[in-house]
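Below are the chains, spelled out letter by letter.
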Amino acid sequence: MSSKKFLSLQKIQICLNGKWLPADENMNVAAWLLSQETLQTRLSVTGMPRFAVCGMGVCQECRISINGQAHQLACQTKCQPGMVIETGEIR
Amino acid sequence: MSGRTDVIVIGAGIVGTACAVSLQKAGMQTSLIDASMPGCGVTAAGMGHLVALDESAQELDLCLYSLGLWREWVQQHPGIGQVVQCGTLWVAENEHQLDEAKQRAERLNARQWQAEMLNPEQLRQLEPALRQGLAGAVRVMGDSVVYPPVIAYQLAQELQALGGELLFRQRVTSVLDTSAQSTMVVLENGMKIAAQYLVVAAGLGVADLLPEIPVFPRKGNLAITDRYPGRLQHQIVSMDYGQHGMTADGLSVAANIQPRATGQWLIGSSRQDGQADTQVSPVAVGAVLKSAIRLLPCLSGMNIIRTWAGMRPASPDGQPIIGAHPTRPGIWLAAGHEGLGVTTALASAELLKDLMLGKNPAIDPTPYAPSRFFGRL
């Protein structure tokens, strides 16, 4: 059952900074942001845009707010229906 | 060294730097020595609160005297030390703790340190991150949290601006009282510096320099989260704090969660004696986090970015050691402040300065006299 769910690539909707966009279910969030040409998961303390560097859960650069919970790792999270993602205001 | 030195202060933590500034301001030519840099020892390892603790009448005296001095200091140093005037919520989990919280509120209010009782509903409104089902809390308005190493550094800079001397990265290996009129420190490199008086404010280093002074290490484990601005408004402390309930391995834990200026949560606290080093103890950190999550459930979903441990310089009766060395003329002490060194630093400095100058201190110095550990002399 779980492996079948893992393979699912159904079309879903994700809310990115208030805008609903199509995504593939279970796609990596960092990869999906890349596909949206969004190289930003958050703003640094000094207001600089930040994005994934290592892509494997180590560098902590891709911290992102998902469903109101700050500091999730985009590279370790899969896209799920109805997900609400915030990446900070400056683009 | 140029010219005379009246007093050498050993230890540039929050207590030593405060003493040095008070003495220099009082007209004594002061040198401040530290094996490292200002505020880099215990001062940097601890939580950094300015709180009115009232476990005993004398403890409250010293805290309130010091908090008054801190209020002036903060007004005179805007923007320095990451001061957050968050107040403290002493959280009661049951009716027994609630009774104790009421007594605390009465004691503090009687001394004009404003405290108000909150029922569970008021508590939830004020701090929604707290769990449901708490019995209530006492909110202490005037308490703050600060970042102590920055303040120690600032005090050292002030000493220099006032004409005092800074000697950093110089370890004192021994102290000598050569005569009633002169004392001397010996540095690691063999150099000797003489002065009329020595103030030993070396934290745990006191045990090395003056083995007859009973300062011992009491270990604490701490954790800090990533930045979650706005999620917590007050310092949260369990009414367990100071109750000293211990497990079989001598570990005592009570939740203390501080909202830092960065939006991070600094989480303590544990106390454990007889520990040899500052290695982080997973058992102690686990117990600390568990106690904090019990009050603030959302912590379980927050990122901890660092854990560390430090040693509080404790004294056998829990009171600091401030005053003249009972058997070695010329040597003075400001030590053993355990977890209250930041809160009580400024009062300790004023008390010590008044005693050294033969003036009447603003509060009774007897509870802190080093002679109390020496029996009948």
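Above: the structure in question.
Reading the values: rules and limits
- Residues numbered from 1 in each chain as written.
- Chains lettered and ligands numbered in written order.
- Predicted model: local features only at pLDDT ≥ 70, side-chain atom pairs only at ≥ 80, totals over all residues.
- Heavy atoms only, no water.
- Buried < 20%, exposed > 50% of the residue type's maximum accessible area, 1.4 Å probe, protein only.
- Helix = DSSP H or I, 4+ residues; strand = E, 2+ residues; numbered from the N terminus.
- Right-handed = clockwise from strand over helix to strand, strands pointing away.
- Pairing = 2+ DSSP bridges.
- Axes fitted to C-alpha atoms, helices over the stretch in contact; angles between N-to-C directions.
- Parallel < 35°, antiparallel > 145°, perpendicular 65-115°, else oblique.
- Contact = heavy atoms within 4.5 Å.
- Nonpolar A, V, L, I, M, F, W, Y, C, P; charged D, E, K, R; others polar.
- Polar contact = N/O pair within 3.5 Å; in protein donor to acceptor, adjacent residues only side chain to side chain.
- Phe/Tyr/Trp six-rings, centres within 6.5 Å; stacked < 30°, edge-to-face > 60°.
- Lys NZ or Arg CZ within 6 Å of the ring centre and 35° of its normal.
- Buried area = accessible area lost by both parts, 1.4 Å probe.
- Salt bridge = Lys/Arg side-chain N within 4 Å of Asp/Glu carboxyl O.

Let us look at the pairing of strand β2 (residues 30-34) of chain B. In regular strands, side chains alternate between the two faces of the sheet. Residue and element names in this part refer to chain B. Among the five residues that make up β2, five are buried, leaving the element largely enclosed by the rest of the structure. Burial along β2 is two-sided: Thr-30, Leu-32 and Asp-34 facing one way and Ser-31 and Ile-33 facing the other are all buried. Tracing the backbone out of strand β1 (residues 7-10), into helix α1 (residues 14-25) and back to the parallel element β2 gives a crossover that is right-handed. Relative to strand β8 (residues 165-168), β2 is paired through four bridges, and the arrangement is parallel.

Moving on, we come to the packing of helix α3 (residues 57-76) of chain B against helix α9 (residues 341-356) of chain B. Angle between the axes and distance between the axes: these two values describe a pair of packed helices. Residues and elements named next belong to chain B. Running from N to C, α3 and α9 point in directions that differ by 95°, and their axes come no closer than 7 Å. When the axis of α3 is compared with that of α9, the two are roughly perpendicular. Contacts between α3 and α9 involve Leu-62, Cys-63, Tyr-65, Ser-66, Leu-67, Leu-69, Trp-70 and Trp-73 from the first element and Val-342, Thr-343, Thr-344, Ala-345, Leu-346, Ala-347, Glu-350 and Leu-351 from the second. Per-class residue counts for the contact of α3 with α9 are 12 nonpolar, three polar and one charged.

A word on unusual backbone geometry. Residue Ser269(B) follows Gly268(B) across a cis peptide bond; omega there is 0°. The phi dihedral of Glu37(A) falls on the positive side, at around 55°, and the residue is not glycine. Structurally, Glu37(A) is set in the loop between α2 (29-35) and β3 (42-43). A positive phi angle, close to 50°, is found at Asn67(A), a residue other than glycine. Relative to the helices and strands, Asn67(A) resides in the loop between β5 (63-66) and β6 (69-73). For Asn67(A), a relative accessible area of 51% corresponds to the exposed category.

Next up on the list: the side chain of Thr225(B). Residues and elements named next belong to chain B. Position of Thr-225 among the secondary structure elements: in strand β13 (residues 216-227). The class for Thr-225 is buried, based on a relative accessible area of 0%. One polar contact links the side chain of Thr-225 to the main-chain amide nitrogen of Trp-265, over a distance of 2.9 Å. Not counting the four nearest positions on each side in its chain, Thr-225 is found in contact with Gln-264, Trp-265, Ile-267, Leu-299, Met-302, Asn-303, Ile-304 and Ile-305.

Our focus in this paragraph is the sheet that holds β1(B). Residues and elements named next belong to chain B. Ordered in space as β8-β2-β1-β12-β19-β18, the six strands form an open sheet in which the pairing is mixed. Strands with a single pairing partner mark the edges of an open sheet, and in this sheet they are β8 and β18 (321-324). Averaged over all pairs of adjacent strands, the angle between strand axes in this sheet comes to 15°, irrespective of strand direction. Pairing of β1 with strand β12 (residues 197-200) involves four bridges; the strand directions are parallel. Bridged to Val-9 within β12 is Val-199. Strands in contact with α9 are β1, β12, β18 and β19 (331-335); relative to β18, the strand with the most contacts, it is inclined by about 15°.

Any pair of aromatic rings gets described here by the distance separating the centres and the angle formed by the planes. All names here are of chain B. Here the structure, examined in full by the defined rule, presents two aromatic pairs over all chains. Their ring planes at 75° and their centres at 5.7 Å tell us that Trp-70 and Trp-73 sit as a pair that is edge-to-face. In this pair, Trp-70 and Trp-73 are both assigned in helix α3, three residues apart and thus about one turn of the helix distant. There is no split in this pair, since Trp-70 and Trp-73 are both buried. Considering the side-chain rings of Trp-90 and Tyr-241, the 6.0 Å spacing of their centres and the 65° angle between planes classify their relative orientation as edge-to-face. Taken as a pair, Trp-90 in strand β4 (residues 88-92) and Tyr-241 in the loop between β14 (235-238) and β15 (251-259) lie far apart in primary sequence, 151 residues in all. As far as the burial class goes, Trp-90 and Tyr-241 line up, both buried. Across the ring face of Trp-90, the terminal group of Arg-104 is positioned such that the distance to the ring centre comes to 3.9 Å. Above the plane of the ring of Trp-308 lies Arg-306, whose end atom (NZ or CZ) is 4.4 Å from the centre.

What follows is about the interface of chain A and chain B. On the chain B side, the residues contacting the six residues of chain A number seven residues. Across the chain A to chain B interface the summed buried area is about 530 Å²; carbon plus sulfur atoms make up 33%. For the chain A face of the interface with chain B, the top three residues by lost area are Val45(A), Gln69(A) and His71(A), together amounting to 75%. Here chain A and chain B share one salt bridge between them. Across the pair Arg63(A) and Asp226(B) runs a salt bridge, and its minimum N-O distance is 2.7 Å. Across the chain A-chain B interface, the total number found is five residue pairs in polar contact (both at pLDDT 80 or more). Considering every element that reaches the side of chain A that touches chain B, the biggest residue donor is β6(A), with three residues. A per-class count over the side of chain A that touches chain B returns two nonpolar, three polar and one charged.

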